[in-house]
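The residues making up each chain are set out below.
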Amino acid sequence: MVDVNMTLEMVQASQMGMKALGAGLAVGLTGIGTGVAEMAIGSAAVGATAENKEIFGLALLFTVIPETIVIFGLVVGLLLLFV
Amino acid sequence: MGVSISAPYIYVCTRMRIRKAKLLPKEEYMRMLNMSISEITRVISETEYKQEIDELGNTFKGIDLLEVALSWNLAKEYQRILEITPGTLKQFTRAYLRYWDIQNVLTILRGKSQGEKTGKIKEVLVPAGGLDKVMLDRLLAEDSMDRIIEALKGRRLYPVLAREYPAAKETGSFARMENELYKQFYAELIADASGGISGGSQFLAFIRLDIDVKNILTLFRLRADKIQEDVKEMYIAGGTITAADFAALNTIQDYREFIDQLRVKVRTGPVLELLNDLETERPVYEIASLLVRVQMEQMEKLSKRNPFSIYPILVYLEKKKYEVFNLRALARGKESKLPSETIGKYLVM
């Protein structure tokens, strides 16, 4: 809702604020999603590595796959702020 | 959800799955059937048993080396699992491992009553339960059975031992005491599992299945030995078969009728399927290994349905136990010069 008494500067500032909020949410929420996903994979990876040290590299790779989610969030955040 | 996404559960269940994958496959047993004891020892010294074989290689030889190495490995493995299991899983695992306390105490009592040497008894003990090596050594050092029972004062086993021992001493048979100990063990497991702890219902399902399998096996054994009296003493409460049904089933003379009646009483799906295949009479050892196989398959199914629960741990504990049983059976069979086909029939694969 835009107040009719608002000046152009005020509207622009509000829009900028909304964008910043959106960017924050995009990074924050995807960060939480990544964390939840990595918790399960990470615990399994640590368990697997404890039993067989040779698979450390592979286990690490599996653990960081959910990082893509937060990268998507970061990209969306950057797009919101700078494009 | 709380339990299913807990990180320690995922960690320990993954470890159990990997350990399970490292167990000896069926093909390996088939190969071992054609080997001598020294060859079997060499083969298993290249697997998870390496450390024990190396450590004990100087002290023991031949079948003794194999037997002691297997017992030590099993005990070490079980104790390690207990160390890494978190929270309620530890409680359930510890409760389940108390089975070995009964076995160890009975082995010591039987060994002492038959005048076996302490060293010989020690070889067959598996210190996997609540009674550790130090405690078992203390029990072994006692010179009379009364003192062994007294040394167990304060332990869970003590009340039953104190109650049943005088009669056992008089008759010279530990059978009744053994039955009572196992009955108490299962009653305690059920009490632990139904105490409202999270994950308890899954543990309870396993105990019920175990009790059912044990009761059915007892029925088949009683039939084979044609024993009619005191059957209620051998009955374990808590499964789907009631005490009255158990006694009634034991009185049925005709095999077909027995199977039909058993099919009505048993409500465990996979066991029911097995009973359908038992139309013709078979030797008890075959039925025993079939029942164990059904139990393992059902537990595997449950562990896939509940991937982060007590099941993967129990499946591993059981499979490891049977691996050691199989290797021991193989070694003993070879020692007694039994043909490979006969040994093969006793293996749980």
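Residues numbered from 1 in each chain as written. Chains lettered and ligands numbered in written order. Predicted model: local features only at pLDDT ≥ 70, side-chain atom pairs only at ≥ 80, totals over all residues. Heavy atoms only, no water.

Trainee: For this particular structure, what's the right way to read the interface of chain A and chain B?
Mentor: When the parts of a complex come together, some accessible area is lost, and that lost area is often used as the size of the interface. Taken residue by residue, the interface counts nine residues in chain A and nine residues in chain B. Here chain A and chain B share an interface that buries about 820 Å² over both sides, 68% of which is from carbon and sulfur atoms. Viewed at the interface, chain B and chain A are joined by three salt bridges. The shortest N-O distance in the salt bridge between Glu 51 of chain A and Lys 22 of chain B comes to 3.7 Å. Our enumeration of links across chain A and chain B arrives at three residue pairs in polar contact (both at pLDDT 80 or more). Partitioning the side of chain A that touches chain B into residue classes produces six nonpolar, two polar and one charged. (Contact = heavy atoms within 4.5 Å. Buried area = accessible area lost by both parts, 1.4 Å probe. Salt bridge = Lys/Arg side-chain N within 4 Å of Asp/Glu carboxyl O. Polar contact = N/O pair within 3.5 Å; in protein donor to acceptor, adjacent residues only side chain to side chain. Nonpolar A, V, L, I, M, F, W, Y, C, P; charged D, E, K, R; others polar.)

Trainee: For this particular structure, what's the right way to read the packing of helix α3 (residues 37-44) of chain B against helix α18 (residues 311-335) of chain B?
Mentor: Working note: a packed helix pair is described by the angle between its axes plus the distance between those axes. Residue and element names in this part refer to chain B. Across the interface, α3 lies against α18 with an axial gap of 10 Å and an inter-helix angle of 160°. By the angle class used here, α3 and α18 are roughly antiparallel. Judged by residue contacts, Ile 37, Ile 40 and Ile 44 of α3 engage Leu 327, Ala 331, Lys 334 and Glu 335 from α18. Grouping the amino acids of the contact of α3 with α18 by side-chain chemistry returns five nonpolar, no polar and two charged. (Axes fitted to C-alpha atoms, helices over the stretch in contact; angles between N-to-C directions. Helix = DSSP H or I, 4+ residues; strand = E, 2+ residues; numbered from the N terminus. Parallel < 35°, antiparallel > 145°, perpendicular 65-115°, else oblique.)

Trainee: Sorry if this is basic, but what is going on with the pattern of salt bridges here?
Mentor: A side chain of one charge can pair with a side chain of the opposite charge when the charged atoms of the two come close. All names here are of chain B. The full count for this structure, using the stated rule, is 33 salt bridges over all chains. For Glu 178, the salt bridge is made with Arg 110, and the minimal N-O distance between the two is 2.7 Å. With Glu 178 in helix α11 (residues 175-193) and Arg 110 in helix α6 (residues 87-113), this residue pair connects regions lying 68 residues apart in the sequence. Taking the relative accessible area as the measure of exposure, Glu 178 reaches 21% and is therefore partly exposed. We note a salt bridge from Glu 150 to Lys 153, for which the minimum N-O separation is 3.8 Å. Assessed through its relative accessible area of 54%, Lys 153 is described here as exposed. (Buried < 20%, exposed > 50% of the residue type's maximum accessible area, 1.4 Å probe, protein only.)

Trainee: Would you mind showing me how to read the packing of aromatic side chains here?
Mentor: For any pair of aromatic rings, the description consists of the separation of the ring centres together with the inter-plane angle of the planes. All names here are of chain B. Under the defined criterion, the tally for this structure stands at 12 aromatic pairs over all chains. Here the aromatic rings of Tyr 285 and Tyr 346 are separated by 4.5 Å at their centres, their planes lie at 25°, and the arrangement is stacked. You can see Tyr 285 sitting in helix α17 (residues 284-305) and its partner Tyr 346 sitting in helix α19 (residues 340-346), a full 61 residues away along the chain. Three or more aromatic residues link up through ring pairs in this structure, and these residues are Tyr 78, Tyr 99, Trp 100, Tyr 182, Phe 185 and Tyr 186. Cation over ring: Lys 133 sits above Trp 72, and NZ or CZ is 4.4 Å from the ring centre. The aromatic ring of Phe 258 is capped on one face by Arg 223, whose charged end is 4.5 Å from the ring centroid. (Phe/Tyr/Trp six-rings, centres within 6.5 Å; stacked < 30°, edge-to-face > 60°. Lys NZ or Arg CZ within 6 Å of the ring centre and 35° of its normal.)

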